[in-house]
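This is what each chain is made of:
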Amino acid sequence: MTRKWTRYPKRTFYAFIAPWGVGFVLLTAVPMVYGFLVSLTNFDGSSPRWRWVGLSNYAELIGDGDAWAALVRTLVFTAIVVPLSVAGSLGLAILINRRLRAVGLWRTIFFLPSVVPVVAMAIMWKLVFNKDSGILNAILGVVGIKPVAWLVDPAAFYALIVLMLWALGGGMVIMLAALQGVPAELEEAAAIDGAGKWTVFRQVTVPMISPVLYFQMVTGVIGALQVFVQPLLLTPASGIADVGAAPDSTHLYMVQVYQEFFLSNRFGYGSAMLWVFFLVILGLTMLLVRSSRSWVYYEVDTEGGAR
Amino acid sequence: MTAIRTAPPQADRKPAVQAPRRPTKKRTPAWMYIVILVLSMFFVGPFVWLLLAAFKTPAEWASLPISILPAHPQWQNFVDALTSMNFFGYAGNSLFLSTIYSVLITLSSAAVGFGFARLKAPGKGAIFLVLLSTMMIPQILTLLPTYVLFSQIGLIDTYWPWVLWGLAASPYMAFLFRQFFAAIPRELEDAAIVDGAGWLRIFATIFLPLSRPVLITSFILSFTWTWGDYIGPALFLNLDHTTLAVAITAWYQDPHGNVIPTVQAAGAVMYVIPVLLIFFFAQRYFIRSNLGSGVKG
């Protein structure tokens with residue numbers, strides 16, 4: 001026992017994890033608490049003559065039609081983007097997970113967009129979506145569809161979804177690894193027992209990879225709810241300075257928050273919006289965690305996560 | 001794909017089930033290749049269209065009906081992209097910021113991962129759970145309050161925020177390092193302990209050099225992330241000190257304030273080339289990092 005004591009001095013462990021510990025407190029916890037304090041004021045970002053206003057920012061938020069509309073829009077956006085990208089990345093992984101010529105090339109092609117910086121992504125897609133000079137309308141024109149103004153309402157919403165789906169290659173790589181982890185014997189055994197392709201997929205493959213599907217869903221939801229740079233960059237205007245230029249249909253919750261901060265200079269109100277949003281995200285995550293118990297299948301021997 | 005050190009859950013399975021892991025692969029019908037080709041066009045198309053735009057004259061870009069190929073490649077677009085703003089200056093800012101941040105966050109995350117993998121102290125398990133759950137805290141929610149806070153203490157328009165973020169380690173990278181370090185046999189450190197080495201020395205001289213693949217993964221990922229980050233520099237830096245990501249959206253305008261698409265396309269091409277090069281030479285590290293997140297136990 002004494003030997004173990006000297007081998008692992010308590011302080012050494014704490015010293016090694018101190019960068020994260022101190023960093024978490026100073027750069028995550030403190031800003032969040034600070035944000036909460038600001039949300040109780042009418043601070044405008046610069047004026048020293050702010051005062052405490054209690055919970056009135058929160059009270060105002062309850063009756064704020066714009067904020068509610070943005071929240072609903074964000075939830076709809078998330079409800080569309082996350083299933084599509086999880087299903088899409090699984091679909092691509094299934095497509096790639098077979099005997100193919102040049103499989104490495106296809107994998108690279110599907111994977112590549114996910115590492116492209118968001119700014120470059122937005123510039124590319126603005127060129128593709130351009131109403132008069134974009135390739136998309138040119139292709140649609142061949143089949144007789146009139147030019148669509150993709151970057152303004154109401155099409156901008158769909159343009160944004162396409163942009164999001166373009167980068168699903170990261171998920172595909174994860175799904176691919178998950179698929180390759182499913183023992184072939186299980187699928188073969190099911191097939192021998194007379195199960196069709198779809199049944200094997202539904203009853204064997206999906207349960208086996210359900211932890212990965214679940215993880216992708218949770219991170220996808222948390223990611224999609226926060227989307228905010230893409231709508232700002234996908235406008236005909238340029239960049240963040242024109243935060244007001246985001247079309248209504250892509251005016252997501254964080255865009256609204258950003259507007260309250262930097263267009264209306266309502267730092268207190270914006271901070272209240274952030275805190276409410278944090279609780280919304282937390283609640284949705286909890287809901288997903290709870291639902292996972294009914295459909296995520298864990299093998300008994302994978303429990304030792306913290307081995 | 002073969003060198004995943006972060007033991008996936010399957011590694012625990014009994015040998016009887018483990019045998020051939022390959023899925024049953026049948027010959028692929030031709031129509032499948034057509035599907036793959038169409039999908040590839042969706043993923044590659046925007047790159048090609050960007051590249052074509054970068055070589056067009058403004059008139060070609062705006063012509064109706066559209067001209068797919070530029071008549072004469074307009075290298076002048078690239079010259080304009082480099083000279084109409086201080087391209088190399090901004091690229092230097094991006095490079096500096098990305099390097100500083102990546103080096104710091106890689107080392108700090110390695111230390112944290114080492115602590116969780118090899119050291120013992122009361123409360124370690126609980127603290128590790130906290131670390132894992134902080135991965136789920138939406139970054140964007142802390143960013144605006146951090147901005148307000150930093151503007152109060154004068155850290156706006158400096159590179160200090162990136163230094164601080166780098167020093168603070170990333171829970172995700174720390175997790176990758178932990179998985180790697182946990183798999184290393186104990187004998188390795190035993191010998192050093194007998195020789196009287198302290199933990200810091202064991203970490204720096206034995207474990208850190210061993211973790212080269214994770215070091216590279218962490219560095220590359222943080223580097224491309226910072227290079228690509230838009231909202232950070234847009235919020236925390238003024239236009240003079242900002243990075244290329246912000247600069248290519250803010251410049252390249254004609255006297256009326258309208259973006260010149262062909263020049264911006266040329267600028268964007270030069271902006272993504274470093275990322276694409278890193279990707280092509282280090283694809284397996286990107287894949288490894290994705291897998292690390294997929295097998296989170």
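Residues numbered from 1 in each chain as written. Chains lettered and ligands numbered in written order. Predicted model: local features only at pLDDT ≥ 70, side-chain atom pairs only at ≥ 80, totals over all residues.

## Comments concerning the overall build of chain B
Each helix and strand in chain B was counted, giving 16 helices and zero strands. Within the span of chain B, comprising 297 residues, buried residues form 41% of the whole. Taking the contacts inside chain B whose residues are at least 6 apart along the sequence as the reference set, 78% of them involve residues at least 24 apart. (Helix = DSSP H or I, 4+ residues; strand = E, 2+ residues; numbered from the N terminus. Buried ≥ 20, exposed ≤ 12 C-beta atoms within 10 Å, placed from the backbone. Contact = placed C-beta atoms within 7 Å.)

## Remarks on the overall build of chain A
When helices and strands are counted, chain A shows 14 helices and zero strands. Helices and strands appear in chain A in the N-to-C order α-α-α-α-α-α-α-α-α-α-α-α-α-α. The principal-axis extent of the C-alpha atoms belonging to chain A is close to 80 × 75 × 30 Å. Put simply, 67% of the contacts in chain A that link residues at least 6 apart link residues at least 24 apart.

## A short note on the interface of chain A and chain B
Contacts between the two partners involve 85 residues from chain A, matched on the other side by 94 residues from chain B. Considering each element in turn, the side of chain A that touches chain B owes the most residues, 17 residues, to helix α2 (residues 10-39) of chain A. Its residues placed into classes, the side of chain A that touches chain B shows 56 nonpolar, 18 polar and 11 charged. (Nonpolar A, V, L, I, M, F, W, Y, C, P; charged D, E, K, R; others polar.)

## A few points about the confidence of the model for chain B
The predicted model of chain B has a mean per-residue pLDDT of 84, with 88% of residues at 70 or higher. Below pLDDT 50 for its whole length, residues 1-21 of chain B participates in 30 contacts with residues either more than four positions away or in separate chains. (pLDDT = per-residue confidence, 0-100.)

## Here we look at helix α14 (residues 267-295) of chain A
End to end, α14(A) covers 42 Å across 29 residues, agreeing with the expected 42 Å (1.5 Å per residue, within 8%). Of all the residues in α14(A), the buried ones are A:Phe267, A:Gly268, A:Tyr269, A:Gly270, A:Ser271, A:Ala272, A:Met273, A:Leu274 and A:Phe277. Against α2, α3 (56-62), α4 (65-96) and α13 (253-262) of chain A together with α7 (139-152) of chain B lie the buried residues of α14(A). (Expected span 1.5 Å × (residues − 1).)

## Let's talk about the confidence of the model for chain A
Residue and element names in this part refer to chain A. When pLDDT is averaged across chain A, the result is 86; 93% of the residues are at 70 or more. Within chain A, no element has a lower average pLDDT than helix α1 (residues 2-7), which sits at 54, and none a higher one than helix α8 (residues 156-166), at 94. Under a pLDDT of 50 for its full length, residues 301-307 has, in the predicted model, eight contacts with residues more than four places off or in other chains.

## What to know about the packing of α4(A) against helix α11 (residues 197-225) of chain A
Residue and element names in this part refer to chain A. α11 packs onto α4 with a crossing angle of 145° between their chain directions and a minimal axis gap of 9 Å. For the pair α4 and α11, the crossing hand works out as right-handed. On the side of α4, the interface is formed by Thr74, Phe77, Thr78, Val81, Val82, Ser85 and Val86, while α11 contributes Leu213, Gln216, Met217, Gly220, Val221, Ala224 and Leu225. (Axes fitted to C-alpha atoms, helices over the stretch in contact; angles between N-to-C directions. Left-handed = near helix turned anticlockwise from the far one by under 90°.)

## Describing the environment of B:Leu82
Residues and elements named next belong to chain B. Among the secondary structure elements, Leu82 is positioned in helix α4 (residues 76-83). Residue classification places Leu82 among the partly exposed positions, given that 16 C-beta atoms sit within 10 Å. A C-alpha to C-alpha distance of 13 Å links Leu82 and Thr262, two positions 180 residues apart in sequence.

## Details of the environment of B:Thr217
Residues and elements named next belong to chain B. Turning to its location among the elements, Thr217 is positioned in helix α12 (residues 212-228). Exposure remark for Thr217: the 24 C-beta atoms within 10 Å place this residue in the buried category. For Thr217, the contacting residues outside a window of four places in its chain are Leu176, Tyr285, Arg288 and Ser289.

## Considerations on unusual backbone geometry
Apart from glycine, the bulk of residues carry a negative phi angle, and the bulk of peptide bonds sit in the trans form. Between A:Asp153 and A:Pro154 the backbone carries a cis peptide bond, its omega angle lying at -5°. As for its placement among the helices and strands, A:Pro154 is situated in the loop between α7 (135-142) and α8. Even without glycine at this site, A:Ala102 takes up a positive phi of about 55°. The phi angle at B:Asp157 is positive, at roughly 65°, despite the residue not being glycine. As for its position among the elements, B:Asp157 is in the loop between α7 and α8 (160-167). Residue B:Asp157 is classed as partly exposed on the basis of its C-beta count, with 16 C-beta atoms lying within 10 Å.

## Some details on the packing of α11(A) against α14(A)
Residue and element names in this part refer to chain A. At a closest axis distance of 11 Å, the pairing of α11 and α14 adopts a crossing angle of 165°. The angle between the axes of α11 and α14 places the two elements in the roughly antiparallel class. Handedness of the α11/α14 crossing: right-handed. Together, Ser210, Tyr214, Met217, Val218, Val221, Ile222 and Leu225 of α11 and Ile281, Leu284, Thr285, Leu288, Ser292 and Trp295 of α14 make up the contact between the two elements. (Parallel < 35°, antiparallel > 145°, perpendicular 65-115°, else oblique.)

## Structural notes on the environment of B:Pro171
As for its position among the elements, B:Pro171 is in helix α9 (residues 171-182). For B:Pro171, a count of 22 C-beta atoms within 10 Å gives the class buried. When the C-alpha atoms of B:Pro171 and B:Met135 are compared, they prove to be 6.1 Å apart, with 36 residues separating the residues in sequence. Residue contacts for B:Pro171: discarding those within four places in its chain leaves A:Trp20, B:Leu131, B:Thr134 and B:Met135.

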